[in-house]
Amino acid sequence: MLKFAGACLIMVSAAGIGVSFSADLRRRCQELRILKQLVYMLRGEIKYTKTPLPEAFYHISVRLPEPFGSFLSRVAEELAKAEGRTFGELWREQIRETLHSSRLNRMDKEQLATLGEVLGYLDVEMQLAAIDLYIEQLEEGIREAENSMGTKQKLYQSLGVAGGIFLVILLI
């Protein structure tokens, strides 16, 4: 009876790991869409209201879920301190510190960091062009993530169950 209970627990936990991995894929797609929304809002603030970046970040941060809202508010706070660091350095630092718990992968964060390198020191038209380029890259990333999500989710769930069965057989 005890072996049966242990085998059931192993199966459930292994299947849970597979479900967890597939949920991470879904969460990444959601976060990429939120990031796209963030960039569109930033584009509007720069283009139409000509708001300085720290104010624009504060305005946008209250309308976004975590961790993106706190990311923008922390960037605005660091800009207000003006400790002699460049905007790109502040942007990268906040990506590392604030977005570490997000499901964005390394490439997503690197593209976001590249956007931070061109914001703040170029003229308005160049900033808008850089934002437009980033939006195109982001849309491509969203398409790729959504296309691969279905098959990867099934794969992760199947591997979780198969791994659980293998482990149960190995231990019995």
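Look a little higher up for the structure.
Note that this is a predicted model, so its numbers are computed, not measured.

S.K.: It is not clear to me how the pattern of salt bridges should be interpreted in this structure. Could you clarify?
M.R.: It is possible for side chains bearing opposite charge to pair when their charged atoms get close. One pass over the structure, following the stated rule, counts 14 salt bridges. Here Arg103 makes a salt bridge to Asp24, at a shortest N to O gap of 2.9 Å. Highlighted residues: Arg103 in the loop between helix H4 (87–98) and helix H5 (106–118) and Asp24 in helix H1 (residues 2–49), separated in sequence by 79 residues. Take Arg103: its relative accessible area is 39%, and that puts it in the partly exposed class. Assessed through its relative accessible area of 27%, Asp24 is described here as partly exposed. A salt bridge links Glu45 to Arg63, with the shortest nitrogen-to-oxygen separation between them at 3.6 Å. Placement of the pair is Glu45 in helix H1 and Arg63 in the loop between helix H2 (53–61) and helix H3 (68–81), with a sequence separation of 18 residues. On the accessibility criterion, Glu45 (11% relative accessible area) is buried. Residue classification places Arg63 among the partly exposed positions, given a relative accessible area of 46%. Sharing partners across several salt bridges, the network here consists of Glu78, Lys81, Arg85 and Glu93.

S.K.: Explain the packing of aromatic side chains here, please?
M.R.: Describing an aromatic ring pair means giving the distance of the ring centres and the angle of the ring planes. This structure, assessed with the given rule, holds five aromatic pairs. Considering the side-chain rings of Phe57 and Phe87, the 6.0 Å spacing of their centres and the 15° angle between planes classify their relative orientation as stacked. With Phe57 in helix H2 and Phe87 in helix H4, the pair connects residues that are 30 residues apart, well separated along the chain. For Phe57, a relative accessible area of 0% gives the class buried. Aromatic pair Phe57 and Trp91: ring centres 5.8 Å apart, planes at 40°, arrangement tilted. Taken together, the residues span a long stretch of sequence, with Phe57 in helix H2 and Trp91 in helix H4 at a distance of 34 residues. Both residues of the pair, Phe57 and Trp91, count as buried. By way of ring pairs, the aromatic residues Phe57, Phe71, Phe87 and Trp91 are connected into one cluster.

About the cut-offs
- Residues numbered from 1 in each chain as written.
- Predicted model: local features only at pLDDT ≥ 70, side-chain atom pairs only at ≥ 80, totals over all residues.
- Heavy atoms only, no water.
- Salt bridge = Lys/Arg side-chain N within 4 Å of Asp/Glu carboxyl O.
- Helix = DSSP H or I, 4+ residues; strand = E, 2+ residues; numbered from the N terminus.
- Buried < 20%, exposed > 50% of the residue type's maximum accessible area, 1.4 Å probe, protein only.
- Phe/Tyr/Trp six-rings, centres within 6.5 Å; stacked < 30°, edge-to-face > 60°.

Nothing here speaks to function; it is geometry throughout.
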